[in-house]
Amino acid sequence: MRLGDYIDDYCTRCKRTTDHAVVSMMKDDVLVTRCRTCDFEHKYKHNKGSKEMTKQQAFDKVLASVMGQQAATPEAKPKKRKKS
Ligand SMILES: [Zn+2]
């Protein structure tokens with residue numbers, strides 16, 4: 001990520017996730033972005049505040065769901081032992 005790069009972020013003016021340009025950075029962290037739709041500059045919100053999910057967030061959610069199901073399912077079901 002570099003200055004001027006495009007990044008998805010939540011714009012409070014547009015009230016939705018839009019394309020933003022990176023305006024200010026601290027090391028590898030994006031600090032300020034500018035909405036490419038309305039030119040509103042604001043602190044980078046890490047795309048939070050949006051009800052829309054990014055592909056990565058959607059993927060993580062699906063992954064977590066799958067992992068949770070796997071964790072909830074015993075790997076080997078104990079076999080019922082008949083009393084002899
Ligand atoms: Zn905007």
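Residues numbered from 1 in each chain as written. Predicted model: local features only at pLDDT ≥ 70, side-chain atom pairs only at ≥ 80, totals over all residues. Heavy atoms only, no water.

It is worth spelling out the pairing of strand S1 (residues 6-11) at this point. Both S1 and strand S2 (residues 16-26) contribute to a ladder of 6 bridges, which runs antiparallel. Each bridged residue has a counterpart across the sheet, and for Asp8 the counterpart in S2 is Asp19. In textbook terms, the turn of a hairpin is the stretch between consecutive antiparallel strands, and for S1 and S2 this stretch comprises 4 residues, one of which, Lys15, has a positive phi near 55°. (Pairing = 2+ DSSP bridges. Helix = DSSP H or I, 4+ residues; strand = E, 2+ residues; numbered from the N terminus.)

Another aspect to go through is the coordination of the zinc ion. Taken together, the protein ligands of the zinc ion are Cys11 (SG), Cys14 (SG), Cys35 (SG) and Cys38 (SG), with distances of 2.2 to 2.4 Å. Geometry at the zinc ion is tetrahedral, judged from the 4 donor atoms that bind it and their angles of 105 to 113° at the metal. The motif formed by the donor residues of the zinc ion, counted along the single chain, is C-x2-C-x20-C-x2-C. A residue pair is termed long-range when its members are at least 10 positions apart, and Cys11 in strand S1 and Cys38 in the loop between strand S3 (29-35) and strand S4 (41-43) qualify at 27 residues. (Donors = N, O, S within 2.8 Å, 3.2 Å for Na, K, Ca; no water. Tetrahedral: all angles 85-135°; square planar, octahedral: opposite > 155°, others 65-115°.)

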